[in-house]
Amino acid sequence: MYVWRGKQKILILLILMKRIILSLAFIFIGQIFLYASDIQKCKQQIIDWHLSSIFSDEGLTDEIIALTDSGSYIDLSVKELFLNIRLPEQMIYHWVETQTENGYWRDIDYRDKNPSGWAPSFHVMRLFHLAKAYQSQQMSTYHSDKVLAAYIRGLRFWVSFTLTCPNWWYTEIGVNKMLGPALLLMENLLPEDLKIQGVEQLNRSKIGMSGQNRVWLAGNVVYRALLQNDEILLKEARDVILSEIYITTKEGLQPDYSYHQHGPQLQFGNYGLAYALSMTYWTRAFRNTQFSFPDEKIRIVGNYILNGLNKVVWGGYMDYSACGRQFFKNAQRGKALALAQSLADMSVVTDTVSAQVYKIAYRNILIPPSSVARVEGTMAFYRSDMLVSKVGDAYFSVRLASPWSIATEAGNGENLKGYYMGEGVTSYMRNGSEYENIFPFWNWRRLPGITVPDDTIPLPLLTWDGYRNDSTFAGVLSSGTAGVAAMILGRDGVSGNKGYFILGNRMFCLGNSLQTQAGQSLITTINSTYLEGGMRWRTGNNKMDRVDDDFSAYIRKPVILEHNGWRYYITENQTLNVAIAPSQGSWHEIARFYADKVKQDTLFTVTLNNDSGKYEYMVMPANDNNQEIDYSQVKITNTPLVQLVEDIKDGTVCGVCYRPGLFPLKKSLLKVRYISLSGQALFILQKEKDGGLKISLSDPTRRQKSISIGFSGRYKNGLYDKRKNITFFEVEFPQGDKAGKEVSVFIKR
C-alpha cells in the first residue's frame, strides 16, 4: 500500500511537470509568434510609409524635384524629400533604359571621392526609387518586369563592390538609410544570395557615436534586424533610438523646446530637424507593436515639433535665422516641407484630438499662406536667445548671442559669411518667401536688425567654435502677444544697448549708447530683402509718393516707408538711407561646394546712420485697414538706463532695465505712474481681466538671485512704503539651468 501511494505521488508529479512544460512551451511558442508577428508588422509599416506621399498627393512632386535638384541636395533632411515623393514614370523608365547590362549607370562617377554629395550614393537612391515604383499601385510602373529587372541588376552591381566614401557618414549612414528600405520593399522578390549580400552591406552600420548620428546608425541596424528577423537585435537598436528621446540642458532637446548641437547652439533647421524626422519615422514604424514607443516619449517628440520647430516656420518657409549654418539654396522652403512630413507622421500616431492639431500644422505648410488663419502669440526660447512672434498675418523673430549661447558656426566650407548672425538679427515674414535664396545677394554687413561698423573690410571666417557675444547682458521674454528681446553689444570694440519690443503685430526697435572703441561710424539695418514692386514713402502728413531710386537724408520729421506688404515708421532726427539697387553674388561665396557662378537680383535695403549713438523705428504689416499710423498711441523711452514701449490703447508696457532705478510711465492706462527695479531685467506689464496686474520678468544676466520691483500706489501682498507711496514685491529669478526663464507675478490693489 505504501509503495503504491509513493508511485501515485510520482505519477502526479510527472503529470504536473508535463503540464508545466507544455504551458511553458505554449508561452514560448506564442512569444515566438508574437515576435514574428510584430516584426512583420514593423516591416509592413515601414513599407507603407515609403509608398505613401503627402507631397505627391498635394501635387508638389515637380516642386520637390526642382527644389532638391533631383535628389542631389546637400542637406539630408531636405534631400530626403526626393525619397518621399513618387517620381514621374518617365524618370523611372529613363533609368531603366539607360542602365547598362552590368547594372550601373554611365552618368554616375563611381570613382568619386567627394566628401559632400558622394556620387556613388545616387546609385542606391535609384535602387530605392525603382523599388518604390515597382510597388506603387498609383504608378504605371507597378509590378513592371522591366523595373524589377533593373532593380535586381542594379542591386547585384552594388553588392559586388565595397565602395567607400572618404566621409565616413556616407559609408555608414547615408547609403544604408536608402538601402535598408530598398531591400525591405522588395524582400519577397530577392534571390536568397542577393538578400544575404544586401544585408552584409547594411552590416557596415554599427551602433555607436552620439546624438543624431547614433540615432541614424541604430536605424540602419533596425533595417538589418528586420531583414534577418532578429528580434534581439531589433530590440537593442530600437532601445538606442528610444534612449535619445529626453529633455536635457546639454546637447539635444532643451527645456524650452529648442535644440542644441555643437555646444549651446540653436540647431532647429539642421540637427534638430533631422532629430524630429527620425523620431517620428520610427514612432510610426514601431506603433501598435511590443516595440512601440511609450506615450510619454511620443509626447516629448510631439511637443518639440509643435512648440519648437513649427514656431519658426511661416507660410511654408523656415526662418533663415533658424537654419543653423545651412544657408543653402531653397533651404527655407525645403526645411519647412521636411517638417511637414514630421507633423504628418505625428498625426498618425497620436489621439484623434491631437491628430487634428498636427494635420492643421502640416497643411499650413503645404497650402498658400493666404488661406491660413494664424493667431499664436510670442515665444521666448530662453535657452537659445531667440524671440518669435506669430500674430495675425505677420511673423517676427530676433536672434541674439551671449556668453551662454553660440550664435552660429562655420565648417565644411559652409556659412562663409555668417559673422554677424547673432548681433540682433531680425526676420519679417508675411508670405514666407521674403528671404528665400537671398544669401548670395546680401551685403552680410547689412543683415536685418544688426548694428555694425560702416566699413568694407572682409568679414572674418568663423570656425566650428562659432562665436559668442562677450557682454553678460542678453535675454528674451514673452507673454501672450507681447515680447521683449535685448542685448548689450560686446564684440570687436562695439558697445551699446539694443532692445526689441513686440506688441501684437508691431515690432519696435530701439538702440542707444552705441559706439566703437576705434571711433568708427555705426550702421543699423532695418531690413534688406528683394525689391518687389515699388516703394512708397511720406513725411509728416504728406501724401504717399512712389520712389524708385536710392536716397539718403537726415529726416527732421517722422518718415513712413511701405514696401512689399510692410510698413516702416522711422522717428525724426535720424539719417535714413534707402538703397534700391542690383546686387551681384555667387553661391560659392556662401558655401564652397556650389559653383562659382555670379548671379544678380535687385534688393531693397533700409539703414540708419547711428552718428548720434541711437536709433528708433517700428515695423508692422501694411494692410488696407491700417493705412494711418497713430504713433501717439505708443509712448517710447530710449535712454541708457531703460527702454520702454507703452501701448496707450491697451495699457501693456514692455521694458528693458539696463540699470536699477525709478522710471515714470508716461500715460499708463494701468494707473501706474512709475515703476522701480532694483536690478537689470526684461519685463512686460499687462492688465488682467479681473482688473489686477501681471508683470512678467526675466534676468538677462543669468546671475541675479532676485529683484525688487515697486509700483506707485498701494497693492495687496506687497510691502507698502507710505512715505514713497510705492508697494514693493520681491521676485526670485529662476536659477541654474533655468536661469533666463520667465517668471510672473500677479498683483491686485
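The structure this text deals with has already been given above.
Since we're looking at a predicted model, the values are computed, not measured.

1. Points about the sheet that holds strand β33 (residues 743-747)
Then, in step 1: An order of β23-β24-β25-β28-β29-β33 is seen for the six strands of this open sheet, with the pairing classed as antiparallel. The sheet is open, and its two borders are formed by β23 (634-638) and β33, each paired with just one other strand. Strand-to-strand twist across the sheet, computed as the mean angle between neighbouring axes with direction ignored, equals 10 degrees.

2. Considering the packing of aromatic side chains
Then, in step 1: With the rule as written, the count across this model stands at 42 aromatic pairs.
Then, in step 2: For the ring pair F473 and Y658, a centre distance of 5.1 Å and an interplane angle of 25 degrees mean the geometry is stacked. Here the residue F473 occupies a position in the loop between β9 (451-453) and β10 (474-479), and Y658 occupies one in the loop between β25 (653-657) and β26 (661-664), the gap between them amounting to 185 residues. Exposure class is identical for F473 and Y658. Each is buried.
Then, in step 3: One aromatic cluster is present, built from ring pairs that chain together Y73, Y320, F327, F328, Y435, F439, W442, W444, W587, F593 and Y594.
Then, in step 4: Cation over ring: R333 sits above Y317, and NZ or CZ is 5.8 Å from the ring centre.
Then, in step 5: Of note, R491 hangs over the ring of Y467, and the distance from its end group to the ring centre comes to 3.4 Å.

3. Thoughts on the pairing of strand β21 (residues 598-609)
Then, in step 1: Relative to β21, strand β14 (residues 522-530) runs antiparallel, the two sharing seven bridges. Looking across to β21, one finds that I523 is bridged to N609.
Then, in step 2: Relative to β21, strand β20 (residues 574-586) runs antiparallel, the two sharing twelve bridges. Opposite I580, over in β21, you have F604 as the bridge partner.

4. A short note on the side chain of E414
Then, in step 1: Topologically, E414 is positioned in the loop between β7 (394-400) and β8 (423-429).
Then, in step 2: Assessed through its relative accessible area of 5%, E414 is described here as buried.
Then, in step 3: For E414, the residues in contact, after removing those within four places along its chain, are R325, Q326, F328, I590, A591 and F593.

5. Regarding the sheet that holds β21
Then, in step 1: Strands sit in the order β9-β14-β21-β20-β17 across an open sheet of five strands; the sheet is antiparallel. Bordering the open sheet on either side are β9 and β17 (551-555), each of which pairs with just one other strand. With strand direction ignored, the average angle separating the axes of adjacent strands in the sheet is 35 degrees.

6. Here's the deal with the packing of helix α8 (residues 168-185) against helix α10 (residues 211-227)
Then, in step 1: Interaxial distance between α8 and α10 falls to 9 Å at its minimum, and their mutual angle equals 35 degrees. Seen along the crossing, α8 lies across α10 with a hand that is left-handed. Along its contact with α8, which presents W168, W169, E172, I173, N176, K177, G180, P181, L183 and L184, the element α10 presents N213, W216, L217, N220, Y223, L226 and L227.
Then, in step 2: Partitioning the contact of α8 with α10 into residue classes produces eleven nonpolar, four polar and two charged.

7. Section: unusual backbone geometry
Then, in step 1: Even without being glycine, H143 reaches a positive phi, approximately 55 degrees.
Then, in step 2: By the secondary structure assignment, H143 is in the loop between α6 (121-135) and α7 (145-159).
Then, in step 3: If you check the backbone angles, M209 has positive phi at about 65 degrees while not being a glycine.
Then, in step 4: Tracing the backbone through its elements, the reader meets M209 in the loop between α9 (192-202) and α10.

8. Re the pattern of salt bridges
Then, in step 1: Enumeration according to the criterion identifies 27 salt bridges in this entry.
Then, in step 2: Between D75 and K335 there is a salt bridge; the shortest N-O distance is 2.7 Å. A residue pair is termed long-range when its members are at least 10 positions apart, and D75 in the loop between α3 (61-67) and α4 (76-79) and K335 in helix α14 (residues 331-349) qualify at 260 residues.
Then, in step 3: A residue is classified by how much of its surface remains accessible, and D75, at 5% relative accessible area, is buried.
Then, in step 4: The class of K335 is buried, set by a relative accessible area of 0%.
Then, in step 5: As a salt-bridge pair, E589 and K417 come within 3.3 Å of each other at their nearest N and O atoms. You can see E589 sitting in the loop between β20 and β21 and its partner K417 sitting in the loop between β7 and β8, a full 172 residues away along the chain.
Then, in step 6: Several salt bridges converge on common partners, so that one network encompasses K43, E187 and K195.

9. Thoughts on the nonpolar core
Then, in step 1: One finds F55, Y151, W282, Y304, L561 and L576 to be the most contacted residues of the largest nonpolar core, which totals 197 residues.
Then, in step 2: With twelve residues, helix α12 (residues 268-286) is the largest single contributor of residues to this core.
Then, in step 3: Apart from residues lying up to four places away in sequence, L561 is in contact with M535, R536, W537, F551, W566, R567, Y568, I570, L576, V578 and V606.
Then, in step 4: Counting residues in hydrophobic clusters, the runner-up holds 26 residues, among them V653, A681, I695 and V731.

10. Things to note about helix α11 (residues 231-243)
Since one α-helical turn is 3.6 residues long, residues separated by three or four positions face the same way.
Then, in step 1: Over its 13 residues, α11 extends 18 Å from the first C-alpha to the last, a length consistent with the 18 Å expected when each residue adds 1.5 Å.
Then, in step 2: Inspection of α11 places L233, L234, A237, R238, V240, I241 and L242 among the buried residues, and these make up the whole buried set.
Then, in step 3: The N-capping residue of α11, defined by a side-chain oxygen 3.2 Å from the backbone nitrogen of I232, is D230.

11. Some details on the packing of α9 against α10
Then, in step 1: Running from amino to carboxyl end, α9 crosses α10 at an angle of 155 degrees, the nearest separation of the two axes being 9 Å. When the interaxial angle is binned, α9 and α10 end up roughly antiparallel. For the pair α9 and α10, the crossing hand works out as left-handed. Together, K195, V199 and L202 of α9 and Y223, R224 and L227 of α10 make up the contact between the two elements.
Then, in step 2: Grouping the amino acids of the contact of α9 with α10 by side-chain chemistry returns four nonpolar, no polar and two charged.

12. A look at the side chain of T408
Then, in step 1: Within the secondary structure, T408 sits in the loop between β7 and β8.
Then, in step 2: Reaching out from T408, the side chain makes a polar contact with the side chain of N415 at a distance of 3.0 Å.
Then, in step 3: If near-sequence neighbours (up to four positions away) are discounted, T408 is found in contact with Q265, G324, R325, N415, G418, M421, L462, G466 and Y467.

How each quantity is defined
- Residues numbered from 1 in each chain as written.
- Predicted model: local features only at pLDDT ≥ 70, side-chain atom pairs only at ≥ 80, totals over all residues.
- Heavy atoms only, no water.
- Pairing = 2+ DSSP bridges.
- Helix = DSSP H or I, 4+ residues; strand = E, 2+ residues; numbered from the N terminus.
- Axes fitted to C-alpha atoms, helices over the stretch in contact; angles between N-to-C directions.
- Phe/Tyr/Trp six-rings, centres within 6.5 Å; stacked < 30°, edge-to-face > 60°.
- Buried < 20%, exposed > 50% of the residue type's maximum accessible area, 1.4 Å probe, protein only.
- Lys NZ or Arg CZ within 6 Å of the ring centre and 35° of its normal.
- Contact = heavy atoms within 4.5 Å.
- Left-handed = near helix turned anticlockwise from the far one by under 90°.
- Nonpolar A, V, L, I, M, F, W, Y, C, P; charged D, E, K, R; others polar.
- Salt bridge = Lys/Arg side-chain N within 4 Å of Asp/Glu carboxyl O.
- Core = buried A, V, L, I, M, F, W, Y, C linked by side-chain atoms within 4.5 Å.
- Expected span 1.5 Å × (residues − 1).
- Polar contact = N/O pair within 3.5 Å; in protein donor to acceptor, adjacent residues only side chain to side chain.
- Parallel < 35°, antiparallel > 145°, perpendicular 65-115°, else oblique.

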